[in-house]
Every structure is written in structure tokens, then in C-alpha cells.
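# Residue-level structure breakdown
Residue strings, one per chain:
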Amino acid sequence: MEPLDEDELNHLLRKWEAPSAPPSLKQRVFPAQKPWLSWLLTGSIRIPVPALVVAAIVIALWIHHSRPTPPAHVAAPGSVSLADFQPVQQLQPVLVTGGQR
Amino acid sequence: MTENELKAAFEDHKDAVYRFAWRMMNSAPAAEDVAQDVFLSLLRQPARFDPGRGQLRSFLLGITRNLVLKRWRDEYRWEELNDERFPAKPLTIESDNIAEIVGEAVRSLPPLQREVLILSEYEELALDEIARAVDCEIGTVKSRLHRARENLRRMLAPLKPPNGVRSNHGTVR
């Protein structure tokens, strides 16, 4: 088979066209920076699960320890408790007669 | 190099870098990855470009070439970059799309012949610029370019128009 001549080859090579760079290339090279206010409203952050668990435990402990302690139970004045009274073990009656003292 | 100069360089050369990578690798995602790496390399180390040694375009195409060949070596570890015994047989024409056939022929050339052909024919770099981009002597560039064209003339012989009649419609007649 007879090979192409130079002109024929040049003509054919021109037929193979390549696409231009896609628009996404610019975004990949120069990523747009969001304003911080926009980031606060729409941004997101990634937190490792162990760090999240530790933070949750620390916050729970802090909340637990910062609660005000309840006051010790004090009997309301005017009320009498009979709880400490014991029955008498041995009666020792003493007769008191008139004139003696 | 200021940020504005870098952005201007990107706008001026992004198509050449992407086209070269695309023609070398025949993959749009891979070409985009390589083009991104080329410009990130310039952003990180702009001082690597020395205007006294040549144009920015050939410098960027040189980085593109190195990244493409690195990928090629990862994929085809045992194949030679410049196979002198490359069998340039006439292609079996299975498609009527001339662009596809020409692309297939160019992509089947050994990488060192393919790169000089693409830089010369499609990016229209001068021989000294190609030599700088592919890091070799001008004589070597000439030799590779000659072999590449010889191989293509044989491979694309089935597309030779009968009696000098040439199709201008992108299909084989």
C-alpha cells in the first residue's frame, strides 16, 4: 500500500481536533474563597468521632458539676420528731412523801 | 510572579496544556488532572520558570510532558518510551470518522515520537522550544519527528485519496 505524501498527511492531521480546557479547570486551580459571613451561614466542618465523644463527655461533666448543690435537710422549726426517743429499759420508781426533801 | 500574572498565564495557556495532555492520554478526566497539577506547580513554585531560558508556554508544556510520562510509566512499566522497532502497519479502517482514525494513529505512536509530533503539528512549537520542553537535543527532536511522520504516512495509507481526490467532509470516500 502506497504511503501518504507530506501534503496528504498534513491535511489528515488537521482533522483531529482537541477540546478546549473545561471551565471546571479554573475552579480547581483557583478555588473561589467564600466570605466568612457566608461560611458561618452555609459552611460545614468535619469533626473526628473520638474528638466529638470526648467533647460531649467534658461538656456533660461540666454541666453536672456546675449545678447548684441542694441545701442539707433541716427540720422545720416548731415541729418535733420522736425518732430519737427510746423506751425506758428499767423503771426505778421513787416514792416521795410529804415532809421529806 | 504576582497572583494576577499567574491568572493571566492560566488564561493564556490553559487550552494548550489541556489539549496536549488530552492528545497524549486520550482521557478528558486524566487531562484535567494533569493540567491542574501543571498550574498548581506554577502557583507553588513560580521561581522555577526562568524567562531567560524560553517562553512560559514551552515551560508549561514541558511540565505537562513530564507528568504525562510519569503516568505512562506507572501504567506501562515494561514498555519502551521510544520503540525503534515500532511496527507501523496500515490501520484497519473500522470507522468512517477521519478524526477518530487520525487520533488512533497518533496515539499508537511510541510516547517520545507522539509528544514531538503533537508539540510540532498541533501546538506549533519551534524545534528549539520542543527540545527544551522534552529535554533533549534539537537533532533528536528532528529525528523523532521524522520517524513519527513516516510511521503515520504508512499507518494512514488506507485513507489515501484515489487519484488525488480529497474528502473535505470528514468521511472516507
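If you're wondering where the values come from, they're calculated on a predicted model, not measured in any experiment. (Residues numbered from 1 in each chain as written. Chains lettered and ligands numbered in written order. Predicted model: local features only at pLDDT ≥ 70, side-chain atom pairs only at ≥ 80, totals over all residues.)

Our focus in this paragraph is the overall build of chain A. The number of helices and strands found in chain A is four helices and zero strands. When the 101 residues of chain A are sorted by exposure, 7% land in the buried category. (Helix = DSSP H or I, 4+ residues; strand = E, 2+ residues; numbered from the N terminus. Buried ≥ 20, exposed ≤ 12 C-beta atoms within 10 Å, placed from the backbone.)

Turning to the overall build of chain B, a few remarks are in order. Helix and strand counts for chain B stand at seven helices and zero strands. When the helices and strands of chain B are placed in sequence order, the string is α-α-α-α-α-α-α. The proportion of buried residues among the 173 residues of chain B is 37%. A fraction of 70% describes how many contacts in chain B between residues 6 or more apart in sequence connect residues 24 or more apart. (Contact = placed C-beta atoms within 7 Å.)

So, on to unusual backbone geometry. Residue and element names in this part refer to chain B. Backbone geometry at asparagine 26 places phi at a positive 55°, although glycine is not the residue there. With respect to the helices, strands and loops of the structure, asparagine 26 is situated in the loop between helix 1 (3-25) and helix 2 (28-44). Asparagine 26 sits in the partly exposed class, given 13 other C-beta atoms within 10 Å. With a phi angle near 55°, glutamate 124 is a residue other than glycine that sits in the positive phi range. Looking at the secondary structure, you find glutamate 124 in the loop between helix 5 (111-121) and helix 6 (127-134).

Here we take up the confidence of the model for chain B. Residues and elements named next belong to chain B. Model confidence for chain B is summarised by a mean pLDDT of 87, while 88% of its residues fall at 70 or above. Here residues 169-173 is modelled with pLDDT under 50, and outside its nearest four sequence neighbours on either side it reaches twelve contacts, counting other chains as well. Model confidence for the complex: the whole-complex pTM is 0.70, and ipTM, which rates the interface, is 0.81. (pLDDT = per-residue confidence, 0-100.)

With that out of the way, let us pick up the confidence of the model for chain A. The predicted model of chain A averages 83 in pLDDT, with 87% of residues at 70 or higher. The least confident element of chain A, judged by mean pLDDT, is helix 3 (residues 36-42) of chain A at 80; the most confident is helix 4 (residues 49-66) of chain A at 94.

A few words now on the packing of helix 5 of chain B against helix 7 (residues 138-155) of chain B. Residue and element names in this part refer to chain B. Running from N to C, helix 5 and helix 7 cross one another at 95°; their axes reach a closest spacing of 8 Å. One element, helix 5, and the other, helix 7, form an angle in the roughly perpendicular class. Contacts from Leu112, Gln113, Arg114, Val116, Leu117 and Ser120 of helix 5 reach helix 7 at Val141, Arg144, Leu145, Arg147, Ala148 and Asn151. When the residues that make up the contact of helix 5 with helix 7 are grouped by side-chain class, the tally is six nonpolar, three polar and three charged. (Axes fitted to C-alpha atoms, helices over the stretch in contact; angles between N-to-C directions. Parallel < 35°, antiparallel > 145°, perpendicular 65-115°, else oblique. Nonpolar A, V, L, I, M, F, W, Y, C, P; charged D, E, K, R; others polar.)

What follows concerns the interface of chain A and chain B. Across the contact, 21 residues belong to chain A and 31 residues belong to chain B. When contributions to the side of chain A that touches chain B are tallied by element, the ones reaching two or more residues are helix 1 (6-13) and helix 2 (24-29) of chain A. If one sorts the elements of the side of chain A that touches chain B by residue count, helix 1 of chain A sits on top with five residues. Classifying every residue of the side of chain A that touches chain B by side-chain character gives 14 nonpolar, two polar and five charged.

The next point concerns helix 7 of chain B. Helix length check: helix 7 of chain B, at 18 residues, gives a terminal C-alpha distance of 26 Å against a target of 26 Å (1.5 Å per residue), a fit within 8%. Those residues of helix 7 of chain B that fall on the buried side of the exposure criterion are Val141, Arg144, Arg147, Ala148, Arg149, Asn151, Leu152, Arg153 and Met155 of chain B. If you follow the buried residues of helix 7 of chain B, they end up packed against helix 1 of chain A together with helix 4 (98-107), helix 5 and helix 6 of chain B. (Expected span 1.5 Å × (residues − 1).)

With 49 residues, the main nonpolar core has Val17, Ala21, Ala35 and Leu156 of chain B as its most contacted residues. It is helix 1 of chain B that provides the largest number of residues to this core, a total of nine residues. Composition of this core by domain shows at least three residues from each of domain 1 (1-78) and domain 2 (80-173) of chain B. When near neighbours in sequence (up to four residues on either side) are disregarded, leucine 156 of chain B contacts Leu4, Leu9 and Leu12 of chain A together with Leu91, Val102 and Ala105 of chain B. (Core = buried A, V, L, I, M, F, W, Y, C linked by C-beta atoms within 7 Å. Domains from an automatic or database assignment.)

The next thing to look at is helix 4 of chain B. Those residues of helix 4 of chain B not exposed but buried are Ile98, Ile101, Val102, Ala105 and Val106 of chain B. For helix 4 of chain B, the angular spread of the buried residues around the axis is 130°, confining them to a single face. Tucked inside the fold, the buried residues of helix 4 of chain B contact helix 1 of chain A together with helix 1, helix 5 and helix 7 of chain B. (Arc of directions from axis to C-beta.)

All names here are of chain B. Taken N-terminus to C-terminus, the directions of helix 1 and helix 5 make an angle of 145°; their axes are 10 Å apart at the nearest point. Considering how the two elements wind past one another, helix 1 and helix 5 form a crossing that is right-handed. Residues Phe20, Arg23 and Met24 of helix 1 lie in contact with helix 5, whose contacting residues are Arg114, Glu115 and Ile118. Within the contact of helix 1 with helix 5, the residues separate by chemical class into three nonpolar, no polar and three charged. (Left-handed = near helix turned anticlockwise from the far one by under 90°.)

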